[in-house]
Amino acid sequence: MNELKPIVAIDSLRVEFPTDGGTVVGVKDVSFTIQPGETVCVVGESGSGKSVTSLSLMRLVEFGGGIITGGQLRFTRGDGSEIDVARTDAATMQSIRGNEIGMIFQEPMTSLNPVFTIERQLVDGLMTHRKLSREAASARALELLKEVRIPEPERRLKQYPHELSGGMRQRVVIAIAMACAPRLLIADEPTTALDVTIQAEILALIDRLKRENGMSVLFITHDMAVVAQMADRVVVMYRGNIVEQGPVTEIFERPQQDYTKALLAAVPRLGAMRGKDRPEKMPVLMADTQPAAPAPEKTSLAPRVLLDVKGLTTRFPVKRGPLRLTVANVHAVEDVSLQLNVGETLALVGESGCGKSTTGRSILRLVEPLSGTVTLDGWDVRSLGTTDLRRARRDMQMIFQDPFASLNPYRRLRDQVAEPLINFDVARGKELDDRIATLFDRVELPRDFLRRFPHELSGGQRQRVAIARALATDPKLIVADEAVSALDVSVRAQILNLMMDLQADLGVSFLFISHDMAVVERVSHKVGVMYLGRIVEFGTRQQIFDNPQHPYTRTLLAAVPIADPRQKRHLDDKVFRTIPSPVHPAGYQPPPSLYDEIEPGHLVLRPQLTGLPQCPSRTASPNCTPRSPPGAGTSTSIPKPCTTPSVPRPSSPRSCVSSAATR
Amino acid sequence: MKRFLSTKGVIGASLVLLVLFVALIGPLLIAPEMATKMDMRARLAGPSFNHIFGTDQLGRDLFFRVMLGTQTSIGIAGTAVLLSIVIGLPLGIVSGYYRGHVDNVLMRLVDTLLAFPALLLALVISAMLGPNLQNTIIAVGIAFTPFLARIVRGEALRVAQMPYVEAARASGTNDLMMIVRHILPNIMPQVIVQATISLAFAILAEAGLSFLGLGTQPPNSSWGLMIQASRDYLDVAPWTALVPGGAVALTVLGLNMFGDVLRDVLDPRVKG
Amino acid sequence: MSFLLNRLLSIALTLVLISMITFAVTNILPGDVAMMIMGTQSNPEALAGLRQSLGLNDPLIVQYGRWVFGMLTGDWGNSLIFKVPITELLGQKIRSSALIVVLSMAIALAAAVPLGVWAAVHRNKWQDTLSSSTALLGVSLPDFFWGIMMILLFARALGWLPSSGVADPATDFGAALRYALLPSLALGLGLMAHLTRMTRSAMVGILNQEFVRVARAKGLSERVVIWRYALANAIGPVMTIAGLQVGYLFGSIIVVETLFNYTGMGWLTYQALLNRDVPLIQATVFVIAAVVMLINLLVDLLYVLVDPRIRLE
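Residues numbered from 1 in each chain as written. Chains lettered and ligands numbered in written order. Predicted model: local features only at pLDDT ≥ 70, side-chain atom pairs only at ≥ 80, totals over all residues.

With respect to the overall build of chain B
We count it as follows: A helix here means a DSSP run of H or I that spans at least four residues, while a strand means a run of E at least two residues long, and both kinds are numbered starting from the N terminus. To sort residues by exposure, count the other C-beta atoms lying within 10 Å of each residue's C-beta; 20 or more gives buried, 12 or fewer gives exposed, and values between give partly exposed, all with C-beta atoms placed from the backbone.
Secondary structure summary: chain B contains 10 helices and 0 strands in total. Mapped from its N terminus to its C terminus, chain B presents α and β elements in the order α-α-α-α-α-α-α-α-α-α. Here chain B holds 272 residues, and 54% of them are scored as buried.

Here's what the structure looks like:
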């Protein structure tokens, strides 16, 4: 076999950032190569230097204040010549960017210029590099949109970025990067900000483009499952250095370095819980000999229902005009029913905008539901008056997603954890101090943190403080709203283990809201899958994961990348999901949620008779903001014939539920 | 803290401190006669050894006059800004925290008031009430209130959406405690920044009012009044305008610099 | 269509509020109109008679209604000091003031936008320091100070331009321009300083956004990235800020016009205030506030042209 010249050869790269507080070294000593036609994944947590490496390759790092102080970045150009990017002049660099090397970034919502049309942004690069006329460039732009499989490409050309969804915007960004058929595509966390199903589409798209164009891909991510899905070779980085690199199967099956082992251990693998009936703690290090310990459980009596929710509905009004009249409603939560047992964890899982967060808030009455009953340990939460509700709050607490924003920057940690106790006059003086100190012990934080302020702590530490605050009044129920989503992978595992320990010790029940199926598989007893404000499937974790019935659940599970390179999904990105909207005109009465019980405790939503497509579809505006105007962004849902991707799972045959069969 | 030590921060802070010092300590060190003593033989004299900044049309020493004027000008501007905070802060908090109809009505009122140029409002109020020291304070204070109310409302709105406020609500905190413990501390930085900048504008406003004769009246002396008095003598003795004008400029400059640096340091988006 | 209707409703409501506030503020005086006309020493009976004929004894609501009705029918009353119908006075004054407002804004924008962008692009380097320091100084000086400087320099020392006087732009534009130039410069310098700082601030924010990085990654030249991609996003915010400054400008013209003896709306307002000419005060204040509001409205509408994200509303 020919010894092919690598497209990129990075040699001893060193990048520094001069700051007020001294020089920060972003990349200390990094060397690796990229061969033609291969995908190299650079993986690491925040601060590892993976992004800086890729930005250096494009010489964009200078615009962010970075300086390449050492090493070489050799790039082989189309004509066979080799240049050192680190020493190239600006003009040559400009002719390479967007031409021979294309780059896509993380945030599709802000990657496009909001005041220019899609066409303009596609055409600019073409006209600069290929010297095409306006008409020729426009024609090529249309071709590009078709290549990235955007529906109605002619219409999209004339539209503005805000009229497109996140997934579509990312496709446009990819189209821009592909415009001049680059030899290398750099993808910097391109799917981190996207929902799981959209992520699957985009990954499939990148894979297909790579194969069709013989392109090399430098893929940067923190998600080991995505690495398993996409990589030919892996480079593991930590604090500016390469820890380990090699072919993907080698790294996953025979990791050499401790950090790699720890990283792999901390990533929950979808499917690893099959056959186990209880949640399991995350292993701290991948010990290949001892099996992971199941989560310890309080010796339980017969399961007792703690939280019983029936028919919960929450809507947000959309107001218009000087008189602020309600013209439409966002149906954030629609006829939701669920039960949570004492000492167990119920997970609400779904993509952005499905209503899982609002459900949690509605149960706690942080947002007032429109109708339905919420019974906590026999108490009817919805009927409580203001004072009684305040008292009831002792029993139900919440942990939020953003550890930075859930603590008041101007109050000491001790005071913030004490706040619930002070509000309810539970303890004073010495007794109060003791209780708080004990709480800190319980969440494994040193006692001298009591006097500190939030900005002195890391994300994981702050989340521990938030947990301590939630535990202060000995609640029966804790709603964890994406509590670990914003944390680094290794920290995430620690916090999840902490939560499972607390459940075993104190018997506290969790309503665990998340979009991450693999994490949910790990920690939950029961699972509810949500879509467009309704629970589409409900059951034990085993029932949902081993025997999913509802088409949406199946799509969701099929889209999750598995952290095992031998189980790559062969995704077909022909499917593009249309986007129904949860916004309905004022006065619209939606049908009730009716379920089929296919096995004891396993409920599947019956198909709606209102014309909603049965096929895998996605929700509209993320977060269901009440400000979205009615009708905007609503592409009428044309049910498309489903081609659900096939997954090598022996248990349930994959057959798509087409719209015809269910009427 | 480190960012305060930038050149801008140091200069700004020094100027502000200097002016404050003169305003507070000046009247204790300088006997009033030194500023009011008229010497008709030395009128409109340029800077000399006897009179460092020269003299005005009545032979009064400009150096001492401008020093004493500091207290008047700063006093008026400072009290006016305080007044605008006393009215605007509660209004803004109620508007931003409770929202709903209260917010709609209040903000419509504030927005309409903002259509009136601040200087115009101050002039009208002052003229209507009769120009004197306290009416000037009232006029400038009321003129600056809508702007501050808007800023406070914006901040209160932002803070009220933060997860830690929701967490406090889930912990059983009532509205009053919420405002005291969580809302106020988190909006104060921006309020302080705004107050500093408003102070700068208030000094300019008082100078403008006095220049037009509708602000401070004799025997009180403020910088604006000094500039107004110098109008007729510009050709022969420009320093009579430049000295008080320079004082205004330095003070406002110092406050603007200080406010800028303060804003950068207290930016809530920068997390620690 | 409903958008337009909403807007008109809003405008009407605001105008009503403006009139109410104007009326309220001008009626808190301790003295009264009658005394102003006849002097404080006059015969109490004559005063009472005048008050009666002017309708000052009626409840405030009635007086307010009368005033509004008068405005709607074109009768704005007579000025106490000039002794002529107010409507006659306003015409030329509005035109003259409009001239300097437009001129000063034009001067300010033309200089501020390039300077601000330049400072933002080279932020924290000498260009930025120079530009920002000068702007800071400019903002710290009162308008009348600039006015005095202009007079000393251009009128007295160089003798290029007149330091006082005015001409109606409708009748003699050339002369009007000559008289308007110095006042506009005086106003414009302070304005330019402020706008430079704001433009710089807006540009810095824009340059930090992701799409700028994407544009560079596309291989576009830095010139195109800054002056087309980034600047296109700055127009909106700068326009808004400039619109808000118009309000401030209308306050400043009172001082500047008086300084230059430029008889526009500002000068008129000052005369009215000085002499407690209540009908005139009411008229000028109302006109100024209404104009400011309408200009802000115009900016809002123009914003829709500039930023496609707003169009949906």
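That was the structure; now back to the text.
Here's the deal with the overall build of chain A
As a reminder of what qualifies: By the convention adopted here, residues make contact when the C-beta atoms placed from their backbones lie within 7 Å.
Each helix and strand counted, chain A has 20 helices and 23 strands in total. Split into buried and exposed, the 663 residues of chain A put 49% on the buried side. Taking as baseline every contact in chain A between residues at least 6 positions apart, the subset at least 24 positions apart corresponds to 70%.

So, the nonpolar core
Put simply, the test is: Throughout this description, the term nonpolar core refers to a group of buried Ala, Val, Leu, Ile, Met, Phe, Trp, Tyr and Cys residues whose C-beta atoms join them within 7 Å. Segmentation of the chain into domains, including their bounds, is taken from an automatic or database domain assignment.
Among the nonpolar cores identified, the biggest contains 353 residues, and A122 and L123 of chain B are the most heavily contacted of them. Looking at this core, the element that brings in the most residues is helix α8 (residues 173-207) of chain C, giving 18 residues. Counting the residues that make up this core, at least three belong to each of domain 1 (8-100 + 180-265) and domain 2 (305-395 + 511-659) of chain A. If near-sequence neighbours (up to four positions away) are discounted, L123 of chain B is found in contact with L209, L212 and L214 of chain B together with I254 and L273 of chain C.

Overview of the interface of chain C and chain B
Quick reminder of the rule: Gly counts as polar in this scheme, as do all residues outside two lists: the nonpolar Ala, Val, Leu, Ile, Met, Phe, Trp, Tyr, Cys and Pro, and the charged Asp, Glu, Lys and Arg.
Between chain C and chain B, the residue contacts involve 38 residues of the former and 33 residues of the latter. Every element with two or more residues in the side of chain C that touches chain B is listed here: α1 (2-25), α6 (126-140), α7 (143-157), α10 (222-260), α11 (265-274) and α12 (278-306) of chain C. Considering each element in turn, the side of chain C that touches chain B owes the most residues, 8 residues, to α10 of chain C. Split into classes, the residues belonging to the side of chain C that touches chain B amount to 29 nonpolar, 7 polar and 2 charged.

Comments concerning the sheet that holds strand β23 (residues 602-605) of chain A
Residues and elements named next belong to chain A. The following threshold applies: By the convention used here, strands pair only if DSSP detects at least 2 bridges between them. Between N-to-C directions, angles cover 0 to 180 degrees, with each direction set by a line fitted to C-alpha atoms, over the stretch in contact for helices.
Strand order in the open sheet made by the 8 strands is β16-β17-β18-β13-β19-β20-β23-β22, with mixed pairing throughout. Strands at the two margins of the open sheet, each flanked by one partner only, are β16 (396-399) and β22 (595-599). Neighbour-to-neighbour, the strand axes of this sheet turn through a mean angle of 20°, independent of strand direction. Bridge analysis of strand β19 (residues 526-531) against strand β20 (residues 534-540) gives 6 bridges, and the strand direction is antiparallel. In the sheet register, G528 faces β20, and the bridge partner there is F538.

Description of the pairing of strand β6 (residues 101-104) of chain A
Residue and element names in this part refer to chain A. Going residue by residue along β6, you find I101 and M103 tucked away on one face and G102 and I104 tucked away on the opposite face as well. Bridging between β6 and strand β7 (residues 184-188) involves 4 bridges; their strand directions are parallel. Within β7, the position partnered with G102 by the bridge is L185.

Quick look at the confidence of the model for chain A
Note that predicted coordinates carrying low pLDDT should not be read in detail. All names here are of chain A. Under the convention used in this document: pLDDT: the predictor's confidence for each residue, scored from 0 to 100.
Of all residues in chain A, 87% attain a pLDDT of 70 or more, and the chain-wide mean is 84. In this model residues 286-292 is a low-confidence stretch, pLDDT under 50, and it forms 6 contacts with partners more than four residues away in sequence or in other chains. Predicted confidence for residues 610-663 stays below pLDDT 50, and this span has 108 contacts to residues more than four positions away or in other chains.

Looking at helix α1 (residues 50-57) of chain A
Most of α1 of chain A sits inside the fold, with 8 of its 8 residues counted as buried. A positive phi of about 55° marks R59 of chain A, the residue just after α1 of chain A.

As for the pairing of strand β9 (residues 233-238) of chain A
Residues and elements named next belong to chain A. When you tally the buried positions in β9, you get 5 out of 6 residues, the bulk of the element. Note that β9 and strand β10 (residues 241-247) share 6 bridges and pair antiparallel. Bridge pairing in β10 links M237 to I242. Hairpin connection between β9 and β10: a loop of 2 residues separates the two successive antiparallel strands, and R239 in this loop has a positive phi of roughly 50°.

Some thoughts on the sheet that holds strand β14 (residues 371-376) of chain A
With antiparallel pairing, the 5 strands of this open sheet are ordered in space as β15-β14-β11-β12-β21 (chain A). Every other strand in the sheet has two partners, leaving β15 (379-380) and β21 (583-585) of chain A as the edge strands with one partner each.

Overview of the packing of helix α9 (residues 210-217) of chain C against α10 of chain C
All names here are of chain C. Stated precisely, the cut-off is as follows: Oblique is the label for every angle not falling under 35 degrees (roughly parallel), over 145 degrees (roughly antiparallel), or within 65 to 115 degrees (roughly perpendicular). Handedness of each helix crossing follows the sense of rotation of the near helix against the far helix: counterclockwise by less than a right angle gives left-handed, clockwise gives right-handed.
Their axes nearest at 11 Å, the elements α9 and α10 cross at an angle of 140°. Considering their axes alone, α9 and α10 lie oblique with respect to each other. Here α9 runs over α10; the crossing is right-handed. Residues V212, A215 and R216 of α9 form the contact with α10, whose participating residues are V225, Y229 and A230. Considered class by class, the residues forming the contact of α9 with α10 number 5 nonpolar, no polar and 1 charged.

Structural notes on the domain arrangement of chain A
Residues and elements named next belong to chain A. Each assigned domain of chain A is listed here: domain 1 (8-100 + 180-265) and domain 2 (305-395 + 511-659). Counting residues at the interface gives 18 residues for domain 1 and 21 residues for domain 2. Looking at the side of domain 1 that touches domain 2, the elements with two or more residues in it are α7 (196-213), α8 (224-230) and α9 (248-253). Among the elements that take part in the side of domain 1 that touches domain 2, α7 stands out by supplying 9 residues, more than any other. Residue composition of the side of domain 1 that touches domain 2, by class: 11 nonpolar, 4 polar and 3 charged.

Overview of the interface of chain B and chain A
Each side of the interface is counted separately: chain B has 17 residues, and chain A has 21 residues. If you list the elements that add at least two residues to the side of chain B that touches chain A, you get α7 (163-170) and α8 (175-211) of chain B. Along the lines of polarity and charge, the residues of the side of chain B that touches chain A split into 7 nonpolar, 6 polar and 4 charged.

Comments concerning the packing of helix α5 (residues 118-129) of chain B against helix α6 (residues 133-160) of chain B
Residues and elements named next belong to chain B. Remark: α5 packs on α6, axes separated minimally by 8 Å, with the N-to-C direction vectors making an angle of 145°. The element α5 and its partner α6 pack so that their crossing is right-handed. Here A118, L121, A122, I125, S126 and L129 of α5 come into contact with α6, specifically with N135, T136, I138, A139, V140, I142, A143 and F144. Taken together, the residues of the contact of α5 with α6 break down into 11 nonpolar, 3 polar and no charged.

With respect to the environment of Q199 of chain A
All names here are of chain A. Topologically, Q199 is positioned in helix α7. Along the backbone, Q199 and A559 are 360 residues apart, and their C-alpha atoms lie at a distance of 7.8 Å. When near neighbours in sequence (up to four residues on either side) are disregarded, Q199 contacts T191, L194 and A559.

What about the confidence of the model for chain B?
Chain-level statistics for chain B give a pLDDT mean of 85 and a share of 96% at 70 or above. The complex prediction reports pTM at 0.83, with the ipTM value standing at 0.86.

Section: α8 of chain C
Residue and element names in this part refer to chain C. Note the threshold: A helix is expected to reach a length of 1.5 Å times the quantity of its residues less one. Take the seven residues that end at a residue and the seven that start at it, fit an axis to each, and the angle between those axes is the bend at that residue.
Between its first and last C-alpha atoms α8 spans 42 Å; for 35 residues at 1.5 Å apiece the expected length is 51 Å, and the helix comes up short by more than 12%. Along α8, the largest kink reaches about 40° and is centred on A180; proline P183 follows within four residues of it. The buried count for α8 comes to 26 of 35 residues, which makes it a mostly enclosed element.

A few points about unusual backbone geometry
All names here are of chain A. A positive phi angle, close to 50°, is found at D335, a residue other than glycine. Relative to the assigned elements, D335 resides in strand β12 (residues 325-341). Note on D335: 20 C-beta atoms within 10 Å, which makes it buried. Non-glycine residue D425 carries a positive phi angle of around 55°.

Overview of the environment of L185 of chain C
All names here are of chain C. Tracing the sequence through the fold places L185 in helix α8. The buried category is assigned to L185, around which 22 C-beta atoms lie within 10 Å. Sequence-wise, L185 and M105 are 80 residues apart; in three dimensions their C-alpha atoms are separated by 9.7 Å. Beyond its immediate sequence surroundings of up to four residues, L185 is in contact with I107 and M150.

Here we look at the environment of R153 of chain B
All names here are of chain B. Examined against the element boundaries, R153 turns out to sit in helix α6. Classification of R153 as buried rests on a count of 24 C-beta atoms within 10 Å. For R153 and F49, which are 104 residues apart along the polypeptide, the C-alpha to C-alpha distance reads 53 Å. Once residues within four sequence positions are removed from consideration, R153 is found in contact with G92, S95, G96 and M107.

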